[in-house]
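# Per-entry structural report
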Amino acid sequence: MNFNVELVHASGGRLGKIVQIANGRTVTIDTPMCTLFTKGGSVPYLSLNMLERVKFIPEIATMSINSFVEHVDSLRQSGKRLAEFTSMKNKLIFSSLHDASLPLQSGKNDKSGVAVWGRGGKTMLDPATYMKIQEAIQPDWLLALSDGDTDVESTEKRAGKAVDRTLDFLDEIVSAREKSQVLKSSSLIGVLVGGFSERHRQRSATETSARPVHGFLLEGFQKGNTEESLVDDESFQKILTKTIGCLPENKPRLMETPWSPLQVIKAVKLGIDVFSSAYPHTLAEKGHAMTEDFSLPQTPAPKSGEGENGEEVDTNQSAVMDLNDKKFFGDFSPVLEGCHCYTCATFTRSYIHHLLNTSELLAHVLLTIHNFEHYFLFFHTLREAMKSDRIGELENKLSRQQKKEK
């Protein structure tokens, strides 16, 4: 993996390109970007044929170890890479540790390994076992094993243990990767931990940067998906800024927290480059649709979020629509006016409300199609806004919509 920074904004955030060589082809990915969220090797609720209806699909798919830990023997016996096994051979594969859409089951890690949870319960992974699983998966991006079981309540002592364990795991993984013929070409992503301890976060960043890693994933601020707005926490902002200050500029920074478009913008301005697309999945699970209007006029407003005379521009647009609400019973308009996804072009709010009310699986299929395409389009819009120095205008527009409910 090579990462080139093309533009750094004075207000924070950067545009870049990731270049990855995989299976004889060169893939170039613009950042900021998100990966394709999957469960068990496929996008939740979507067959491959239905996935083809979604536009702007990312080049790299995230597949979490916990989905495959019980089926590694089958994967190994097939003789196929996970990308081929899951019929995603045209995608790069990022093999992560945990499902980003779920909370983390706490208190199970120790100095010998990390706990992951599959359908059969808990599996403890030490570095040797972890690397054997990775050799079966053969990912393009290999995430190092880590102890991210910390949050704002964790003590300094616990944060220090997380860093020590994660660095010990990383050293074993670096050694195993160098000896592996299968994983030598995989890009290694180091993990930065340390809870909310500024001292331990900076130590984690400095020590991990000294190892031969190709990028960094920051975790351990929350125990999995808690649905709390981490990016608005001043302590988080301060510690993240200090941590990123210890990292080299020429390697990408990742976070897998499920974030809304507005939260993504705030994280980008703090220095994050790569995100998960677990957020649109979590909304679809609830029967919610993404409805942000993140379009920008060709001519920038005189001031971000203001009209020609300086007055604030009002909008009836909201960020999320709860289609469980009975008020949509007779609403025959598309989920989002102006959206060109398959769901909005073919079905109505009333129909999806009916599907949710009768617990039909199709409701989640249609919401997944819409939410994923909308989220992927947002990243394209975000990059264009950054190129034209309009990220502040985009942030203000989304901030006004976030305050409304529909």
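Right above here is the structure, for reference.
Residues numbered from 1 in each chain as written. Predicted model: local features only at pLDDT ≥ 70, side-chain atom pairs only at ≥ 80, totals over all residues. Heavy atoms only, no water.

Right, let's talk about the overall build of the protein for a bit. A count of helices and strands for the protein gives 13 helices and 16 strands. Computed over the C-alpha atoms, the radius of gyration of the protein is 21 Å, within 12% of the 22 Å expected from 2.2 N^0.38 for a compact globule of 406 residues. Judged by the C-alpha coordinates and their principal axes, the protein covers about 60 × 45 × 45 Å. Across the protein, the fraction of contacts at a sequence separation of at least 24, relative to all contacts at a separation of at least 6, is 72%. (Helix = DSSP H or I, 4+ residues; strand = E, 2+ residues; numbered from the N terminus. Rg over C-alpha atoms; globule rule 2.2 N^0.38 Å. Contact = heavy atoms within 4.5 Å.)

Moving on, we get to the sheet that holds strand β5 (residues 36–37). Taken in spatial order, the 9 strands of this open sheet run β4-β14-β13-β12-β11-β10-β7-β6-β5, and their pairing is parallel. Each having just a single partner strand, β4 (33–34) and β5 make up the two edges of the open sheet. Bridge count for β4 against strand β14 (residues 274–275) is 2 bridges, and the pairing is parallel. When the bridges of β14 are listed, C34 appears paired with F275. Helix α6 (residues 198–209) contacts β11 (187–192) and β12 (215–218) of the sheet and is inclined by roughly 160° relative to β11. (Pairing = 2+ DSSP bridges. Axes fitted to C-alpha atoms, helices over the stretch in contact; angles between N-to-C directions.)

Attention now goes to the pattern of salt bridges. For the structure shown, the criterion picks out 22 salt bridges. When the shortest N-O distance is used, the salt bridge between K397 and D293 registers 3.3 Å. Of this pair, K397 sits in helix α13 (residues 391–402) while D293 sits in the loop between β15 (288–290) and β16 (320–322); the two residues are 104 residues apart in sequence, bridging distant segments of the chain. A relative accessible area of 17% means that K397 is categorised as buried. The exposure class of D293 is partly exposed, given its relative accessible area of 26%. Put simply, R14, E249, R253 and D273 are held in one network by salt bridges that share partners. (Salt bridge = Lys/Arg side-chain N within 4 Å of Asp/Glu carboxyl O. Buried < 20%, exposed > 50% of the residue type's maximum accessible area, 1.4 Å probe, protein only.)

In this section: the packing of aromatic side chains. A complete count under the given rule lists 14 aromatic pairs for this structure. When the ring of F196 is compared with that of F221, the centres are 5.5 Å apart and the planes differ by 85°; the resulting orientation is edge-to-face. On the criterion of sequence distance, the pair formed by F196 in the loop between β11 and α6 and F221 in the loop between β12 and α7 (234–244) is long-range, its members being 25 residues apart. With respect to burial, F196 and F221 carry one shared label: buried. A centroid spacing of 5.4 Å and a plane angle of 15° characterise the contact between F347 and Y351, whose relative ring orientation is stacked. With relative accessibility at 32%, the residue Y351 sits in the partly exposed group. One aromatic cluster is present, formed by F196, F221, F236, W259, F275, Y279, F294, Y375, F378 and F379 through successive ring pairs. (Phe/Tyr/Trp six-rings, centres within 6.5 Å; stacked < 30°, edge-to-face > 60°.)

Once that is clear, we can look at the pairing of strand β6 (residues 60–64). The buried fraction of β6 amounts to 5 of the 5 residues, a majority that puts the element mostly inside the structure. The two faces of β6 match: I60, T62 and S64 on one face and A61 and M63 on the other face are all buried. Bridging between β5 and β6 involves 2 bridges; their strand directions are parallel. By the bridge assignment, L36 is partnered in β6 with A61. Of the strand pairs in this sheet, β6 and strand β7 (residues 92–96) are connected by 5 bridges, and their pairing is parallel. Looking at the pairing, M63 lines up with S95 of β7.

Here the focus is the pairing of strand β1 (residues 2–8). Sheet topology places β1 next to strand β2 (residues 14–22); 6 bridges connect them, and they run antiparallel. In the sheet register, V5 faces β2, and the bridge partner there is G16. Connecting the antiparallel pair β1 and β2 is a turn made up of 5 residues, with G12 showing a positive phi of about 110°.

Counting 100 residues, the largest nonpolar core has Y130 and L382 as its most contacted members. The dominant element in this core, judged by the number of residues it contributes, is helix α12 (residues 361–387), at 10 residues. If you look at the next biggest cluster of nonpolar residues, it comprises 17 residues, including C339, C344, F347 and I352. (Core = buried A, V, L, I, M, F, W, Y, C linked by side-chain atoms within 4.5 Å.)

A word on the packing of helix α4 (residues 127–137) against helix α5 (residues 156–179). One way to put it is that α4 packs onto α5 with a least axis distance of 10 Å and a crossing angle of 45°. In terms of axis orientation, α4 runs oblique to α5. Our pair here, α4 against α5, has a crossing hand that is right-handed. Each of P127, Y130 and M131 in α4 lies in contact with α5, whose residues at this interface are F169, E172, I173, A176 and R177. Among the residues forming the contact of α4 with α5, the class breakdown is 6 nonpolar, no polar and 2 charged. (Parallel < 35°, antiparallel > 145°, perpendicular 65-115°, else oblique. Left-handed = near helix turned anticlockwise from the far one by under 90°. Nonpolar A, V, L, I, M, F, W, Y, C, P; charged D, E, K, R; others polar.)

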